[in-house]
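Residue-level listing of the chains:
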Amino acid sequence: MTQPLTVTEDTITDVAAARWATAHDPRTAELMSALVRHLHEFARETKLTEAEWMAAIRWLTDTGQISDDKREEFILASDVLGLSMLVVQQNHRFDPSATPATVLGPFHIDGSPERGWGEDMSDGLPGEPLWVHGTVRALDGTPVPGAVLDVWQSDSDGNYEAQLPVDEARLRAKYTAGDDGGYCLRTIAPLGYAIPMDGPVGALISQTDISHYRPAHVHFLLAVPGYEPLITHLFREGAEYLDSDVVFGVKRELVVGFERRDPGPTPDGGSSDVPWLECRYDFVLQPG
Ligand code: BEZ
Ligand code: FE
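Values in this document were obtained by computation on a predicted structure and should not be read as measured data.

A few points about the domain arrangement of the protein
Next, step 1: Per the domain assignment, the segments of the protein are domain 1 (1-48) and domain 2 (78-285).
Next, step 2: The centre of domain 1, based on its C-alpha atoms, is set 41 Å off from the matching centre of domain 2.

Following this line, the structure appears as structure tokens:
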């Protein structure tokens, strides 16, 4: 499109969208020209003022400046806006019997240490002992052997490793399911926690009635050749905030009982001297 000499309020959107549609990669062209149209529409609909746009730019700058390899403020922003969950859902339209996907969140760390059957990823941190175990299955119920389960969670103060000045892996590990699809891990019961409120996302949320809490959960990432990668959580049944998760991540199918057990035999074949919790869950994978 040849640009008219004078660009007006009425023509600028078409001119800018056409300019961005010249991106060499067709998908980039599609994404950028649609972004221009939607941003312009937002400015028109809200009659955006210059002061408001400058405040938004300040907020984006602060969001970038607080971010580093451990602090993922843009992921947090996307999560609380519901955008992460929308993108997850439209990209993982699994069979209804498959385990649903949910948000990755800002606290996953690559390269977690491998742990054996039933090994404790909490390394003695305070909390109620919890065993999570079950079978990784295909849609028809057949066990899927050898799945790697990458697991992470917060501690009893609601902090993830990425939020603490620690050098060692903390409350995260990889477990490999057996030939029969069985997996078993030991940890501590997760608690509900507040998302980080000391940055620009928190500053915005503080101006609303939004609850800034997430219900108690453990994160899982399952990667198995031949199946869709599954990023999900298991939420504790009865936990606070299940109906108000600040990042919209809860799905009924992911809410699981953590049953109280007396001291005695545990699912790893060992035993516990103290009362403990049992979470049984079979992951069902979508073929890829
Ligand atoms: C999390 O569960 O780790 C999380 C997800 C989204 C935002 C903040 C935290
Ligand atoms: Fe979490």
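Now, onward.
Topic: the sheet that holds strand E1 (residues 114-115)
Next, step 1: Taken in spatial order, the six strands make up an open sheet running E1-E4-E3-E8-E9-E10, and their pairing is mixed. Unpaired on one side and paired on the other, E1 and strand E10 (255-256) mark the two borders of the sheet.
Next, step 2: Relative to E10, strand E9 (residues 230-236) runs parallel, the two being bridged by two bridges. Bridge pairing links Arg236 to Val256 in E10.

Observations concerning the nonpolar core
Next, step 1: Counting residues in hydrophobic clusters, the biggest one holds 45 residues, and the most contacted among them are Val136, Leu149, Tyr183, Phe220 and Phe283.
Next, step 2: The contact partners of Phe283, leaving out residues within four places of it in the chain, are Thr99, Thr135, Val136, Arg137, Leu149, Tyr183, Phe220, Leu222, Leu230, Thr232 and Leu234.
Next, step 3: Judged by nonpolar contacts, the second largest core, of seven residues, contains Phe107, Ile109, Trp152 and Tyr160.

Some words on the site of ligand 1
Next, step 1: Near ligand 1, the surroundings consist of Leu76, Asp79, Gly105, Pro106, Phe107, Tyr160, Tyr193, Ile195, Arg214, His217, His219 and Val247.
Next, step 2: Between ligand 1 and Tyr193 there is a distance of 2.5 Å, counted from an oxygen atom to a side-chain nitrogen or oxygen.
Next, step 3: Arg214 is positioned with one of its side-chain polar atoms (N or O) 2.5 Å from an oxygen atom of ligand 1.
Next, step 4: Relative to its free-state accessible area of 260 Å², ligand 1 is covered by the protein chains to the extent of 100%.

Cut-offs and rules
- Each residue is numbered by its place in its chain's sequence as written, counting from 1.
- Numbering of ligands from 1 and lettering of chains from A proceed in the order in which they are written.
- Given that this is a predicted model, residues contribute local features only at a pLDDT of at least 70 and side-chain atom pairs are listed and counted only at 80 or more, while totals for whole chains, interfaces and linings are drawn from all residues.
- The side-chain figures draw on all heavy atoms in the structure; neither hydrogens nor water molecules are used.
- Domains are outlined according to an automatic or database domain assignment.
- For two strands to be treated as a pair, DSSP must find at least two bridges joining them.
- Secondary structure elements are taken from DSSP: a helix is a run of H or I of four residues or more, a strand is a run of E of two residues or more, and numbering for both begins at the N terminus.
- Only buried residues count toward a nonpolar core. Its members are Ala, Val, Leu, Ile, Met, Phe, Trp, Tyr and Cys residues joined through side-chain atoms within 4.5 Å.
- Summary of the burial criterion: residues with accessible area below 20% of their type's maximum are buried, those above 50% are exposed, and those between are partly exposed, where the area comes from a 1.4 Å probe applied to protein chains only.
- Contacts between residues were defined by any pair of non-hydrogen atoms, one from each residue, lying within 4.5 Å.
- In these notes, residues near a molecule or strand are those with any non-hydrogen atom within 4 Å of it.
- In protein, a polar contact means a hydrogen-donor-capable atom and an acceptor-capable atom, both N or O and within 3.5 Å, with residues adjacent in sequence counting only if both atoms are side-chain atoms; elsewhere, any N or O pair within 3.5 Å suffices.
- Areas reported as accessible are Shrake-Rupley estimates using a 1.4 Å probe. Residue values count occlusion only from the protein chains shown.

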